[in-house]
Amino acid sequence: LAWGFHAEALNLWFQAQRPKPDFVWVFEDDVGYAGDLSNFLRRFDGTREDLLTADVDHRPGKRWWWIDACSDAYAARFATERRRLATREHVQRFSRKLLD
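Conventions adopted
- Residues numbered from 1 in each chain as written.
- Predicted model: local features only at pLDDT ≥ 70, side-chain atom pairs only at ≥ 80, totals over all residues.
- Heavy atoms only, no water.
- Pairing = 2+ DSSP bridges.
- Helix = DSSP H or I, 4+ residues; strand = E, 2+ residues; numbered from the N terminus.
- Salt bridge = Lys/Arg side-chain N within 4 Å of Asp/Glu carboxyl O.
- Phe/Tyr/Trp six-rings, centres within 6.5 Å; stacked < 30°, edge-to-face > 60°.
- Buried < 20%, exposed > 50% of the residue type's maximum accessible area, 1.4 Å probe, protein only.
- Lys NZ or Arg CZ within 6 Å of the ring centre and 35° of its normal.
- Contact = heavy atoms within 4.5 Å.

> Looking at this structure, how should I read the sheet that holds strand S3 (residues 91-95)?
For sheets, the rule is that strands pair by backbone hydrogen bonds, running either parallel or antiparallel. Across the sheet, which stays open at both edges, the 3 strands sit in the order S1-S3-S2 with antiparallel pairing between neighbours. Two strands lie at the open edges of the sheet, namely strand S1 (23-27) and strand S2 (51-52), each paired on one side alone. Note: S2 against S3, 2 bridges, orientation antiparallel. Within S3, the residue paired with Leu51 across the bridge is Phe94.

Encoded structure:
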C-alpha cells in the first residue's frame, strides 16, 4: 500500500473480498518482528475491538502532512473532519464492522 493511501486502498481491497474476513491485519513492509508471528497474532484472538493500533492521538488539522492524501471521492464520503483521526500505521488490525 502506498504512503498516505492506507485506509482507502485497504478498504477498496476489503470490499472486493468474498467472503469478507472478520479481521484484517496490516503490517507496513518495513516492520520487523523477532519470533513466531502467529504467536503475536494469537494474543489478540479474544479481542473484538474494531481497531487495534499503536495510538490515536489527535484529529488532523490543515497542517497535517497527509491531509489531502486520498481521492476526492474517498474524502467526500469518509474523510470529514469530524470522523478523521490520526494514528501510526506500522501494525494495525481492522474489523469487518469498521471496514464495511
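Moving on, there is more to tell.
> Could you clarify how one ought to interpret the pattern of salt bridges in this entry?
Side-chain pairs of opposite charge can arise where the charged atoms are in close proximity. Inspection of every chain in the model, using the stated rule, returns 3 salt bridges. Salt-bridge contacts for Asp100 lead to Lys20; the nearest nitrogen and oxygen are separated by 2.7 Å. Residue Asp100 is located in the segment after helix H4 (96-99), and its partner Lys20 is located in the loop between helix H1 (6-15) and S1; the two are separated by 80 residues in the primary sequence. Residue Asp22 is joined to Arg96 by a salt bridge in which the shortest nitrogen-to-oxygen separation is 2.1 Å. Remark: Arg96 occurs in helix H4 and Asp22 occurs in the loop between H1 and S1; sequence separation between them is 74 residues.

> For this particular structure, what's the right way to read the packing of aromatic side chains?
Any pair of aromatic rings gets described here by the distance separating the centres and the angle formed by the planes. Under the defined criterion, the tally for this structure stands at 6 aromatic pairs. Aromatic pair Trp13 and Phe14: ring centres 6.5 Å apart, planes at 55°, arrangement tilted. By relative accessible area, Trp13 is classed as partly exposed at 40%. The class of Phe14 is buried, set by a relative accessible area of 0%. Put simply, the rings of Trp25, Phe27, Tyr33, Phe40 and Phe44 pair up and form one aromatic cluster. Against the face of Phe23 rests Arg93, its NZ or CZ located 3.8 Å from the ring centre.

> Sorry if this is basic, but what is going on with unusual backbone geometry here?
Outside of glycine, negative phi angles account for most residues, and trans bonds account for most peptide bonds. Look at the link from Arg18 to Pro19: it is a cis peptide, with omega at -5°. Residue position: Pro19 is located in the loop between H1 and S1.

> So what exactly am I meant to see when it comes to the environment of Thr53 here?
Mapping Thr53 onto the fold places it in the loop between S2 and helix H3 (72-78). Separated by 41 residues in the primary sequence, Thr53 and Phe94 place their C-alpha atoms 8.9 Å from one another. Setting aside its immediate chain neighbours within four residues, Thr53 contacts Thr87, Arg88, Val91 and Gln92.

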